[in-house]
Amino acid sequence: MFSELIKQIRTLYPGREAISLHEPLFAGREKEYTTQAIDSTFVSSVGAFVERFEQDICAFTGADYAVATVTGTAALHAALLAMGVRPEDEVLTQPLSFVATANAINYCGARPIFLDVERDTLGLSPAALEDFLTTHTICRDNTCYNRATQRRIAACVPMHTFGHPVRIEEVVAICRRHHIAVVEDAAEALGSKYRGRHCGTFGDLGIYSFNGNKTITCGGGGMVVGHDKKLTDRVRHLTTTAKIPHPWQYRHDQAGYNYRMPNLNAALGCAQLEMLPAFLADKRELAAEYEKILVAVPALEFIREPAEARSNYWLNALLTSDREQRDRLLAACHKEKIFCRPAWDLLNTLPMYNDCQTDNLTTANWLADRLINLPSSVRQLNRQRTPEAV
Ligand SMILES: *Cc1c(COP(=O)(O)O)cnc(C)c1O
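Residues numbered from 1 in each chain as written. Predicted model: local features only at pLDDT ≥ 70, side-chain atom pairs only at ≥ 80, totals over all residues. Heavy atoms only, no water.

Peer 1: Just to check I follow, could you spell out the overall build of the chain for this structure?
Peer 2: For the chain, the helix and strand inventory stands at 12 helices and 16 strands. Taking 21 Å as the expected radius of gyration for a compact globule of 390 residues, we find that the chain reaches 21 Å, a close match to that expectation. With respect to the three principal axes, the spread of C-alpha positions in the chain is 60 × 60 × 35 Å. Counting every position in the chain, which comprises 390 residues, the buried fraction comes to 55%. Entry remark: accessible area of the chain is about 16500 Å², with carbon and sulfur atoms responsible for 53%. Charge separation in the chain, taken as the distance between the mean sites of 42 positive and 45 negative side-chain charges, equals 2 Å. (Helix = DSSP H or I, 4+ residues; strand = E, 2+ residues; numbered from the N terminus. Rg over C-alpha atoms; globule rule 2.2 N^0.38 Å. Buried < 20%, exposed > 50% of the residue type's maximum accessible area, 1.4 Å probe, protein only. Areas by Shrake-Rupley, 256 points an atom, 1.4 Å probe, with all protein chains shown as cover. Lys, Arg positive; Asp, Glu negative; His and termini not counted. Charge placed at Lys NZ, Arg CZ, Asp CG, Glu CD.)

Peer 1: Looking at this structure, how should I read the pattern of salt bridges?
Peer 2: Pairs can form between side chains of opposite charge whenever their charged atoms are close. Counting across every chain of the model gives 26 salt bridges. Across the pair Glu 23 and Arg 16 runs a salt bridge, and its minimum N-O distance is 3.0 Å. There is no split in this pair, since Glu 23 and Arg 16 are both buried. Residue Asp 89 is joined to Arg 152 by a salt bridge in which the shortest nitrogen-to-oxygen separation is 2.7 Å. Note that Asp 89 is positioned in the loop between α4 (72-82) and β2 (90-93) and Arg 152 in the loop between β5 (143-146) and β6 (153-157), a separation of 63 residues in sequence. Sharing partners across several salt bridges, the network here consists of Glu 169, Glu 170, Arg 195 and Glu 308. (Salt bridge = Lys/Arg side-chain N within 4 Å of Asp/Glu carboxyl O.)

Peer 1: It is not clear to me how the nonpolar core should be interpreted in this structure. Could you clarify?
Peer 2: Generally speaking, soluble globular proteins have nonpolar side chains that are buried together. Judged by nonpolar contacts, the single largest core of 32 residues is most densely connected at Phe 53, Ile 57, Leu 190, Tyr 208, Phe 210 and Met 223. Those elements giving two or more residues to this core turn out to be α2 (30-40), α3 (48-61), β1 (65-69), β11 (222-226) and α9 (263-295). Counting residues per element, this core draws most heavily on α9, at nine residues. In this structure, this core is formed jointly by two domains, domain 1 (3-23 + 276-373) and domain 2 (30-272), each of which donates at least three residues. Beyond its immediate sequence surroundings of up to four residues, Ile 57 is in contact with Gly 62, Leu 190, Tyr 208, Phe 210, Met 223, Val 225 and Leu 273. (Core = buried A, V, L, I, M, F, W, Y, C linked by side-chain atoms within 4.5 Å. Domains from an automatic or database assignment. Contact = heavy atoms within 4.5 Å.)

Peer 1: Hey, could you run me through the site of the ligand in this one?
Peer 2: By nearness alone, 15 residues border the ligand, and Gly 72, Thr 73, Glu 188, Ser 209 and Lys 214 come closest of all. Ser 209 has a polar side-chain atom sitting 2.6 Å from an oxygen atom of the ligand. Here Lys 214 contributes a side-chain N or O atom positioned 3.2 Å from an oxygen atom of the ligand. Protein contacts shield 93% of the accessible area of the ligand, which totals 390 Å² for the unbound molecule. Looking at the shell around the ligand, the elements that each hand over two or more residues are α4 and α5 (99-107). Partitioned by chemical class, the residues of the shell around the ligand number four nonpolar, eight polar and three charged. (Near = heavy atom within 4 Å. Polar contact = N/O pair within 3.5 Å; in protein donor to acceptor, adjacent residues only side chain to side chain. Nonpolar A, V, L, I, M, F, W, Y, C, P; charged D, E, K, R; others polar.)

Peer 1: So what exactly am I meant to see when it comes to the packing of aromatic side chains here?
Peer 2: Any aromatic ring pair is given by two values, namely how distant the centres are and how the planes are angled relative to each other. Under the definition given, this model contains seven aromatic pairs. Look at Phe 114 and Tyr 353: their rings are 6.4 Å apart centre to centre, the planes differ by 75°, and that puts the pair in the edge-to-face class. Placement of the pair is Phe 114 in strand β3 (residues 111-114) and Tyr 353 in the loop between β15 (341-342) and α11 (362-370), with a sequence separation of 239 residues. Given a relative accessible area of 0%, Phe 114 falls into the buried group. According to the relative accessible area criterion, Tyr 353 is buried, its value standing at 0%. Sitting over the face of the ring of Tyr 145, Arg 140 holds its NZ or CZ atom 4.3 Å from the ring centroid. Between the NZ or CZ atom of Arg 197 and the centre of the ring of Phe 202, over which it lies, the distance is 4.3 Å. (Phe/Tyr/Trp six-rings, centres within 6.5 Å; stacked < 30°, edge-to-face > 60°. Lys NZ or Arg CZ within 6 Å of the ring centre and 35° of its normal.)

Peer 1: For this particular structure, what's the right way to read the side chain of Thr 143?
Peer 2: Along the polypeptide, Thr 143 turns up in strand β5. Residue class for Thr 143 comes out buried when judged on its relative accessible area of 17%. Leave out the neighbours within four places in its chain, and Thr 143 touches Ile 138, Arg 152 and His 179.

Peer 1: It is not clear to me how the packing of helix α1 (residues 3-12) against α9 should be interpreted in this structure. Could you clarify?
Peer 2: Think of two packed helices as two axes; the pair is described by the angle between the axes and how far apart they sit. Direction vectors running N to C along α1 and α9 enclose 160°, while the axes themselves pass 11 Å from each other. Between α1 and α9, the crossing angle belongs to the class labelled roughly antiparallel. Every pair of crossing elements has a handedness; the one defined by α1 and α9 is right-handed. Residues Leu 5, Gln 8, Ile 9 and Leu 12 of α1 form the contact with α9, whose own contacting residues are Leu 286, Glu 289, Tyr 290, Ile 293 and Leu 294. Looking at the contact of α1 with α9 residue by residue, the classes come out as seven nonpolar, one polar and one charged. (Axes fitted to C-alpha atoms, helices over the stretch in contact; angles between N-to-C directions. Parallel < 35°, antiparallel > 145°, perpendicular 65-115°, else oblique. Left-handed = near helix turned anticlockwise from the far one by under 90°.)

Peer 1: What should I look at first to understand the domain arrangement of the chain in this one?
Peer 2: In many analyses, interface size is given as the accessible surface area lost on bringing the parts together. As assigned here, the chain comprises domain 1 (3-23 + 276-373) and domain 2 (30-272). Each of domain 1 and domain 2 was reduced to a C-alpha centroid, and the two centroids are 25 Å apart. In this complex, domain 1 contributes 43 residues to the contact, which on the side of domain 2 involves 45 residues. Of the roughly 3800 Å² buried where domain 1 meets domain 2, counting both sides, 61% is carbon and sulfur surface. The partner of Glu 308 in a salt bridge is Arg 195, with the nearest N and O atoms 2.9 Å apart. Connecting domain 1 to domain 2 are 23 residue pairs in polar contact (both at pLDDT 80 or more). Those elements that place two or more of their residues in the side of domain 1 that touches domain 2 are α9, β13 (309-310), β14 (316-319), α11 and β16 (371-374). (Buried area = accessible area lost by both parts, 1.4 Å probe.)

Structure representation (structure tokens):
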């Protein structure tokens, strides 16, 4: 029943038997830079590539300061700690996200509250946020408290789903009015923009991930970005075991974390970042081709970038008409070794978060039943692997 569609998807990745969801591409100076890192003997968390990668990310995104970390999850954890999220606090976020978003909140000893997402952005709904804050919270001494639990609402973590920008300016404005810090989970959104400005740079702090399946990769890695040096210095301190800088003395002023990115990974990151503009152009072209294919299939809807946004199209996505059709399409694709996947199970349904407060989550549930991610690797991969190509 989906055989024509599957044939069309195959044309996007010619010569590939199995088509994975997202694989990395190393076509730049990755070997050169990692060899330099090895030759320098600085392979661990001190080294020239770590600083260079941080500066390069600042130059690319327009952030003023950046701190490289071992993973995106560690970046999110450290960012939340730096914003003062403490045990017993509550943090607003969306249920349609990768588990790391809620886990990082959990690592702080805080509890997530899951609010609904929007149909067009797939991210946290400003209307749902405003509605929750108006109905369920009270402000005392410039601090927002949950009426039901009397706990402080310390932060909000909006996430740019699959690289599609959240209405982030609206989210930040609402949070400011309610004295709530914003940590932007831009793990999937490096290169995405909202109203001409890079995702990750709107919140008090933002984070990126460079895991193997993200748009560019360090093997594993993350980055915290921000505009306030005091905040990013706090992140740096927390991620370097809270060691007080000193030529020989080893003194730590709190229980910090060993979260800094090794130089070897940063070397890979520097080389990948050089490729990012080409990757983004390639991904945009692929998205346009998917859109053209899916226009011809009335039952399916391709997810376009939202208004006023430029998406990096990290993972292309479509909507089926219901859950049953979604599962039929997934089964048909997997049978043909096209490794599509559904959206994550909503975070509020996972055993460790199923007692967390939520709003009605109408749109999140509706989307979760219908979303499918499509293979979205950069396609120079195929061109390069085709022997006859020069
Ligand atoms: C990838 C990702 C992270 C961080 O993941 P790491 O694998 O730890 O780098 C965080 N949030 C979201 C939404 C992600 O997709």
